[in-house]
Amino acid sequence: MKQPIAHELLHNGEFMQVLGLTNYSHWEKAADMRRCIYEQKSVADELLQFALRRIERFAHVGATDKLYDSVESAAASLQLSLDDLGYGAGEASSANIEKARTLTWEEAMKAGERPMSPADSTDDSSMYGTEAPTDPADIHQLAMDARRKREDVSERQKAWNHAVQSQADQTVLRALRGELNAARAELHEAQELLVGARSEEMEQRKLAEQEASGEDKRLSVSLGDEFQRCANRAQSRNKDRKKNSLLNLRLNDYRQVYFSKEDRKAIPDALIQELRAMNALDVQLHKRALELLAEKRRQHEAQGKLLRLQQQKGNSSDAANSSSSSSSRQQRHTRGNSQLDAA
């Protein structure tokens with residue numbers, strides 16, 4: 001946590017993002033400004049006040065640790081009903097917002113009611129037109145990479161088996177075991193990339209066929225249910241990434257590194273407080289963001305616009321939203337501020 005790269009990429013990342021000063025910034029002096037923030041407290045304090053004022057003007061403020069509260073509030077702000085059917089492609093895709101960045105939000109929403117016709121496109125129709133931008137060569141390359149990594153795992157497995165049978169030294173066994181685990185993790189990642197690329201290609205072709213036929217993109221489930229399905233899938237992928245990342249972490253003696261909820265609870269309080277001190281700008285910005293979210297939800301509740309997401313079984317990312325709810329839309333309207341007060 002004290003490495004320079006941690007300061008560059010992790011610490012106070014929320015604060016840097018609000019100000020546009022992350023390592024992704026196109027401003028050539030962003031890195032100098034980041035260093036100045038850490039070296040001069042007066043500069044950090046002034047920019048923190050600027051960041052706090054900036055989020056006050058945001059149309060919507062949410063927080064990952066209040067994901068369900070945030071989504072419910074965002075839907076109310078956009079006047080989207082969580083009970084209505086979801087769509088297979090959003091307004092950004094249909095309206096080509098990436099292409100027409102000069103559109104206002106109202107214009108983009110109107111354009112999103114129907115796909116742009118080919119006549120509306122320019123020369124770069126291959127990128128923004130109705131044809132799916134597939135690249136078989138990339139998928140072929142991913143398949144070849146997965147095959148090579150599978151062969152590598154097979155060879156390392158043979159080496160490990162031979163070492164065990166010949167009763168090799170424990171140091172050699174630990175080294176071979178570490179290399180085998182790393183190769184397996186690389187194979188798993190390569191297979192995930194290949195499966196993802198094939199799924200994306202199939203989805204692009206399906207959407208292209210829908211565009212060409214004018215088929216309605218409405219899904220068979222509600223917007224709220226589709227969000228939860230998407231959120232659960234993302235959470236599952238994150239768990240897999242974490243597992244694979246830990247497989248590549250080994251100590252000097254090639255022992256694997258494990259990190260569980262129990263390990264997290266064992267982190268000394270002094271270390272946690274030090275981390276919070278190092279991310280003091282984020283802590284203050286996050287606190288204000290939660291206040292703004294609570295205020296907006298109270299407004300939506302008073303206006304009768306706020307609908308609850310019906311949490312699916314096994315979804316624990318935002319326990320505050322797991323209060324009882326009914327399938328009836330009227331019963332799903334919020335009825336109090338008790339959850340917000342508790343938050």
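Definitions and limits used
- Residues take numbers from 1 onward in each chain, read along the sequence in its written order.
- Thresholds applied to this predicted model are a pLDDT of at least 70 for local features of residues and 80 or more for the giving and counting of side-chain atom pairs; totals over whole chains, interfaces and linings are not thresholded and use all residues.
- Note that the side-chain values use all heavy atoms of the structure and ignore hydrogens as well as water.
- A patch consists of residues whose relative accessible area exceeds 30% and which take part in no salt bridge; residues with like charges are grouped when within 9 Å of each other, and nonpolar side chains (Val, Leu, Ile, Met, Phe, Trp, Tyr) when within 5 Å.
- Here, Shrake-Rupley sampling with a 1.4 Å probe gives the accessible areas, and only protein chains in the shown set may cover a residue.
- The working definition used for a salt bridge is a side-chain nitrogen of Lys or Arg within 4 Å of a carboxyl oxygen of Asp or Glu.
- Secondary structure elements are defined from DSSP: runs of H or I of at least 4 residues count as helices, runs of E of at least 2 residues count as strands, and each element is numbered from the N terminus.
- Remark: nonpolar core denotes a set of buried residues (Ala, Val, Leu, Ile, Met, Phe, Trp, Tyr, Cys) joined through side-chain atoms within 4.5 Å.
- Whether a residue is buried, partly exposed or exposed follows from its accessible area with a 1.4 Å probe, protein chains only, as a fraction of its type maximum: under 20%, in between, or over 50%, in that order.
- By definition in these notes, contact holds between two residues if any of their heavy atoms fall within 4.5 Å.
- For every residue, the pLDDT score states the predictor's confidence, bounded by 0 at the bottom and 100 at the top.
- The arc under discussion is defined with respect to the helix axis, by the directions toward the C-beta atoms.
- Under the convention used here, Asp and Glu are negative, Lys and Arg are positive, and both His and the chain ends fall outside the count.
- Charge positions come from single atoms, namely NZ of Lys, CZ of Arg, CG of Asp or CD of Glu.
- Axis definition: a line fitted to C-alpha atoms, over the contacting stretch in the case of helices. Angles run 0 to 180 degrees between N-to-C directions.
- Here is the rule for angles: anything less than 35 degrees is roughly parallel, anything more than 145 is roughly antiparallel, 65 through 115 is roughly perpendicular, and the remaining ranges are oblique.
- Any residue that is not Ala, Val, Leu, Ile, Met, Phe, Trp, Tyr, Cys, Pro, Asp, Glu, Lys or Arg is counted as polar, Gly included; the first ten are nonpolar and the last four charged.
- Crossing handedness is read from the near helix: turned anticlockwise from the far helix by less than a right angle, it gives a left-handed crossing, and turned clockwise, a right-handed one.

**Q** Explain a nonpolar patch on the surface to me, please; I cannot follow it from the model alone.
**A** The grouping of Met1, Leu271 and Leu275 at the surface amounts to a nonpolar patch, some 200 Å² of accessible area in total. Locating Met1 in the fold gives a position in the segment before α1 (4–9).

**Q** Quick question: what am I supposed to make of the nonpolar core here?
**A** In globular proteins that are soluble, nonpolar side chains generally tend to be buried together. Counting residues in hydrophobic clusters, the biggest one holds 19 residues, and the most contacted among them are Phe15, Ile37 and Leu285. Ile37 has contacts with Phe15, Met16, Leu21, Val43, Ala44, Leu47 and Leu281, leaving out every residue within four places of it along the chain.

**Q** Quick question: what am I supposed to make of the confidence of the model for the chain here?
**A** Close inspection of predicted coordinates is inappropriate for parts of the model with low pLDDT. Residues with a pLDDT of 70 or more make up 73% of the chain, whose mean pLDDT is 75. Considering each helix and strand of the chain separately, the mean pLDDT is smallest for helix α16 (residues 338–342), with a value of 31, and largest for helix α14 (residues 280–303), with 95. Throughout residues 90–103 the model reports pLDDT below 50, and contacts reaching past four residues in sequence, or to other chains, amount to 28 contacts. Residue range residues 316–343 is modelled with pLDDT below 50. Its contacts to residues more than four positions away, or to other chains, number 57 contacts.

**Q** Explain helix α3 (residues 30–39) here, please?
**A** At 3.6 residues per turn, the α-helix brings residues three or four places apart onto the same side. Within α3, the full set of buried residues consists of Ala30, Arg34 and Ile37. The buried residues of α3 occupy one face: seen down the axis, they fall within an arc of 60°. Tucked into the core, α3 has its buried residues touching α1, α2 (13–19), α4 (41–56) and α14.

**Q** Honestly, a positive patch on the surface in this entry has me stumped. Any pointers?
**A** Together, Lys239, Lys242, Lys261, Arg264 and Lys265 make up a positively charged patch on the protein surface. Put simply, the parts of the chain that give the positive patch at least two residues each are α11 (223–247) and α12 (261–265). Secondary-structure assignment places Lys261 in helix α12.

**Q** Please clarify how the pattern of salt bridges should be interpreted in this entry.
**A** Proximity of charged atoms lets side chains of opposite charge pair with each other. Enumeration over the complete set of coordinates arrives at 17 salt bridges. Across the pair Glu8 and Arg34 runs a salt bridge whose closest N-O atoms are separated by 2.3 Å. Here Glu8, found in helix α1, pairs with Arg34, found in helix α3; they are 26 residues apart in sequence, far enough to count as distant. Salt-bridge contacts for Arg148 lead to Asp145; the nearest nitrogen and oxygen are separated by 3.8 Å. Of the two residues, Arg148 and Asp145 both sit in helix α9 (residues 136–165), three residues apart, roughly one turn of that helix. On the basis of relative accessible area, Asp145 is assigned to the partly exposed category, the value being 24%. One network of salt bridges, in which partners are shared, links Asp69, Glu72, Arg297, Glu301 and Arg308.

**Q** Looking at this structure, how should I read helix α5 (residues 67–77)?
**A** Burial runs high along α5: nine of the eleven residues are buried. Within α5, burial applies to Tyr68, Asp69, Ser70, Val71, Glu72, Ser73, Ala74, Ala75 and Ala76. Here the buried face of α5 lies against α11 and α14. Just beyond α5, the residue with positive phi is Gln79, at close to 60°.

**Q** Help me out: how do you make sense of the packing of α3 against α4 in this one?
**A** Geometry of a packed helix pair, given as the angle between the helix axes and the separation of the axes. For the pair α3 and α4, interaxial distance at closest approach is 5 Å and the crossing angle is 110°. For the element pair α3 / α4, the angle class is roughly perpendicular. Judged by residue contacts, Met33, Cys36, Ile37 and Glu39 of α3 engage Lys41, Val43, Ala44 and Leu47 from α4. Tallied by class, residues from the contact of α3 with α4 come to six nonpolar, no polar and two charged.

**Q** Which parts of the structure should I look at to understand the packing of α5 against α14?
**A** Viewed as axis vectors pointing N to C, α5 and α14 meet at an angle of 50°, and their least axial separation amounts to 10 Å. By the angle between their directions, the pair α5 and α14 is classed as oblique. In the crossing of α5 with α14, the sense of the turn from one axis to the other is left-handed. For the pair α5 and α14, contact is made by Asp69, Ser70, Glu72, Ser73, Ala76 and Ser77 and by Leu293, Lys296, Arg297 and His300, respectively. Of the residues in the contact of α5 with α14, the class split is two nonpolar, four polar and four charged.

**Q** Whenever I open this one, unusual backbone geometry confuses me. Can you help?
**A** The general pattern is negative phi for most residues beyond glycine and trans for most peptide bonds. Here Asn12, not a glycine, exhibits a phi torsion of approximately 55°, which is positive. Inspection of the secondary structure puts Asn12 in the loop between α1 and α2. By relative accessible area, Asn12 is classed as buried at 2%.

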